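Examining the three-dimensional arrangement
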Amino acid sequence: LDNLGRDDPAVVFCRFRPDLSVVKESARRLGKRYGELSGDANDLTPDATLPEDIDVLAAQVQSGGLGVDLSRARVAVYYSLSWSLAELDQTMSRLYRHGQTRPVWAYHLVASGTVDHRVYAAIRARREIIEAVLEAMRHGRWPQDQGLTRLHLESETATENETS
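In this report, we go over the structure that sits alongside the text. (Residues numbered from 1 in each chain as written. Predicted model: local features only at pLDDT ≥ 70, side-chain atom pairs only at ≥ 80, totals over all residues. Heavy atoms only, no water.)

Things to note about the pattern of salt bridges
Counted according to the given criterion, the structure contains nine salt bridges. Of the charged contacts, one joins Arg72 and Glu52 as a salt bridge, the two residues approaching to 3.5 Å between their closest N and O atoms. Within this pair, whereas Arg72 is found in the loop between β3 (56-60) and β4 (75-78), its partner Glu52 is found in the loop between β2 (34-37) and β3, the two being separated by 20 residues in sequence. Its salt-bridge partner being Arg127, residue Asp89 comes within 2.6 Å of it at the nearest N-O pair. Of this pair, Asp89 sits in helix α2 (residues 85-95) while Arg127 sits in helix α3 (residues 115-138), placing them 38 residues apart in sequence. A cluster of three or more residues bridged by salt bridges with shared partners is formed by Asp8, Arg74 and Arg102. (Salt bridge = Lys/Arg side-chain N within 4 Å of Asp/Glu carboxyl O. Helix = DSSP H or I, 4+ residues; strand = E, 2+ residues; numbered from the N terminus.)

Shown next as structure tokens:
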């Protein structure tokens with residue numbers, strides 16, 4: 001967050017309320033203008049976009065996923081994760097809105113050996129399975145392709161190995 005300029009705001013997605021306080025304090029220490037989107041605050045513009053006077057927006061995953069346009073930002077930081085792949089995709093879709101012309105970077109803060117590490121591994125495994133199923137359907141191999149069962153088992157094994 002320290003390296004971001006005024007024209008490069010960041011959205012920090014958090015799952016829990018105490019995480020919002022950590023983001024707020026970090027923004028304050030860095031001299032960044034802070035805003036929040038949560039069950040307690042909505043610092044977006046009346047048309048649900050990221051205002052020009054916010055450098056760091058802390059957004060609860062449940063609040064920042066639907067009906068908002070965060071495309072002014074090009075950096076997403078996931079401070080704490082949800083088990084839901086759909087919620088993750090929805091939050092990224094808020095930055096990849098119509099009119100986004102710049103590359104968007106997403107950073108997942110995941111420490112080895114933590115619950116978030118297991119959650120992130122599970123989300124990655126879910127995405128791999130979904131992509132494999134969609135690919136098989138595109139090529140007319142569903143449901144006959146037994147390789148998908150193998151992929152699912154391999155993903156579960158990889159997840160178990162990453163968390164042990």
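A few points about the environment of Leu109
Here Leu109 is to be found in the loop between β5 (105-108) and α3. The exposure class assigned to Leu109 is partly exposed, which follows from its relative accessible area of 43%. Taking the C-alpha atoms as reference points, Leu109 and Tyr79, 30 residues apart in sequence, are found 5.6 Å from one another. Residue contacts for Leu109: discarding those within four places in its chain leaves Val77, Tyr78, Tyr79 and Asp116. (Buried < 20%, exposed > 50% of the residue type's maximum accessible area, 1.4 Å probe, protein only. Contact = heavy atoms within 4.5 Å.)

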